[in-house]
Amino acid sequence: MMTKPVTSFEVSRLTRAIGFSMLLAMTTILAAGSVVAEEANVTDDQASQSPRPVTAFRDGFTLDEVRSYRNERSALDVANWFSGGDASVWFNLRSAEAFPATAVVPNRLPPVYLARNINAEIGAIRVETENFGAVTLDEFMANPAGRGQAFMVVHRGEVVYENFTGVRPTDNHLWMSVAKVVAGLLIDQLISEGEIDELETMGTYVPGFRDSAWESVSVKDVMDMTTGLNVEEMVDGVSYAPGTIGQRVLLAEFGVSFEGEPELLLDVLRDAEPNKEAGSQFDYSSAATQALVYLAEAVTGTAWADLVDDKIWSHLHAEGPLLVHTSPDGIAIGHGMVASRLSDLARFGMLYTPSWDKIAAKQVVTPEIIERIQTGVRSHEFYVAGFGTEEISNLNNSDMISNARQWDAVWPDGDMFKSGFLRQALYVSPSRDLVIVIFSVSPEDDSIVRYLRPIATSGLFE
C-alpha cells in the first residue's frame, strides 16, 4: 500500500538528561559548516525566559508564534525545538511544518473508539518525583513545572485514566524514540515470515553495508543495540560529541554540513568502526535503529513508511494517520520522528495485549514476537554495565531484567517499556492487558515516567 508524500525534516534523539545549556552547546556541533549562530532566531533573552504552561498552547498557536518558532531552519532553531520550552511544544505538535518531507501513513479502516471506564484511583497513585516531592499523578499533571501534556491508561481495551493537560485528543504529537519499537516490530515480522534470520549478518541483507563494519554484525545485535560499533550516542559522558558517528548522523538527518560538506546518512553509517566485541555491551544508539530501516527496505524492496502502512497501520482501526518524517535524502527517520494522536499510540501498544482484536482487524503482533521480546533479554548485570543505568535512573526502578529488541526495559512479569526524548513513553503489560502512554515536553525532569511501573503493579489491574 502506498503512502502519500507531504513535507517534513528530522532530528535525532538527544539524550534524555540534556538541558537547555547542553542544547545550546549542541548548536556549536550543528553549526560545523554551513550554519552559524548569527543566523539563529533565538536570542539570549528568549533562551532565559521561563516556558509558559503547556496549557497555554492546548488550543493552538498564534500566527506570530508560528512564524517565530519555524522562521529559518538554523542550528539554534533546532536547539530551541528540543529545549523543552515553548518552541518545543510547537515542534512536537506541528512537526510536519518543521520538516521538508513527510510520508503520511493513512488510517485506512474506520476508527473504533475506545470505551471509557474511568478509575479515580489511578490519578491518586502517589510517587516520589525527582523535583516535586511525593505527589499524586493528578497533582503532577496539574503542575505546570512538570511539563506533562497528556497521559492515558488503557485496560482491557477501555480507557481507565486520561488527562489531556496540554494537547487536544485530536492533536498529532511526536513519539520521539518510542518510534524505535515500530522499527523493531517490522524486523520481527520479517523474521516470523522467514525473510530474515536474526543470526545472519547485516551484510547478508543490505548491500549498502557490505565492505563496512556493519557487514559482520548480526541482526540480533542491531535489534538489541549491542553492535560493538562506535555508534553510541554518549561518549565519555558527552552526547553527540563533535566528530562522532552519533553527531554526524544528526547532521546528515538535518542536512547540515560536516567539515564543510553535506553527508548522506548511509555514508555516515558506513564510516562506523568496531570499538568492542559485538554483543558485549548495551550502547544506546539511534544509528542502530536507522540500520534496521535500511534492513527492512533492502529485504522487501519497499519504502519503510509503506511497510509500516502495509504491515501495521492499515490493520489498525486508528483515529488518524501516522506521520513519518524523513531526512533530506528521503530516508524515513524511524528512530524517532513519527507522530500520531495519543489514542493511536495507545492502540499501537494494544497490539501487544490480549485486547488487540478490539482495535485491529488482524493480529499484527503475534505471541511468537512477544515471546522473543520477553525471553530475549540478556541479564540485569549486562544491563547495568551499559546504558541501562540511565533507564533505571529515569524510571526510579531497578526491577527490570534488561533491554531487548528496541525496548528500553523488560521486567520479569513480561512488562515492556520504551521512552522517548522529552519523556514520551509507551508501557505495555501483556499479562495485565494494560497500556500506558505519555506525551510530554520535559527536558530534565524524569518524574512523569516514574508513575508507569507503580501504576502497573498497583494491584488495580490484576
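So, here is what we can say about the structure in this document. (Residues numbered from 1 in each chain as written. Predicted model: local features only at pLDDT ≥ 70, side-chain atom pairs only at ≥ 80, totals over all residues. Heavy atoms only, no water.)

## Some details on the pairing of strand β11 (residues 322-325)
Two faces, one strand: in a regular strand the side chains alternate between the faces of the sheet. Burial along β11 is two-sided: the face carrying L322 and V324 and the face carrying L323 and H325 are both buried. Here strand β2 (residues 102-105) pairs with β11 via four bridges, running antiparallel. Across the sheet, V105 pairs through a bridge with L322, a residue of β11. The sheet contact formed by β11 and strand β12 (residues 338-340) spans two bridges and is antiparallel. Following the sheet pairing, V324 is matched in β12 by V338. (Buried < 20%, exposed > 50% of the residue type's maximum accessible area, 1.4 Å probe, protein only. Helix = DSSP H or I, 4+ residues; strand = E, 2+ residues; numbered from the N terminus. Pairing = 2+ DSSP bridges.)

## Considerations on the sheet that holds strand β15 (residues 416-420)
The strand order across the open sheet built from eight strands is β3-β7-β6-β17-β16-β15-β14-β13, with neighbouring strands paired in mixed fashion. At either end of the open sheet lies a strand with only one pairing partner, and these are β3 (115-116) and β13 (402-404). The sheet contact formed by β15 and strand β16 (residues 424-429) spans five bridges and is antiparallel. Directly across from K418, in β16, lies its bridge partner L426.

## Comments concerning the environment of V182
Relative to the elements of secondary structure, V182 occurs in helix α9 (residues 180-192). For the pair V182 and G336, spaced 154 residues apart in sequence, the C-alpha to C-alpha distance is 9.7 Å. Ignoring any residue separated from it by four or fewer positions in sequence, one finds V182 in contact with W175, W304, V308, I312 and F348. (Contact = heavy atoms within 4.5 Å.)

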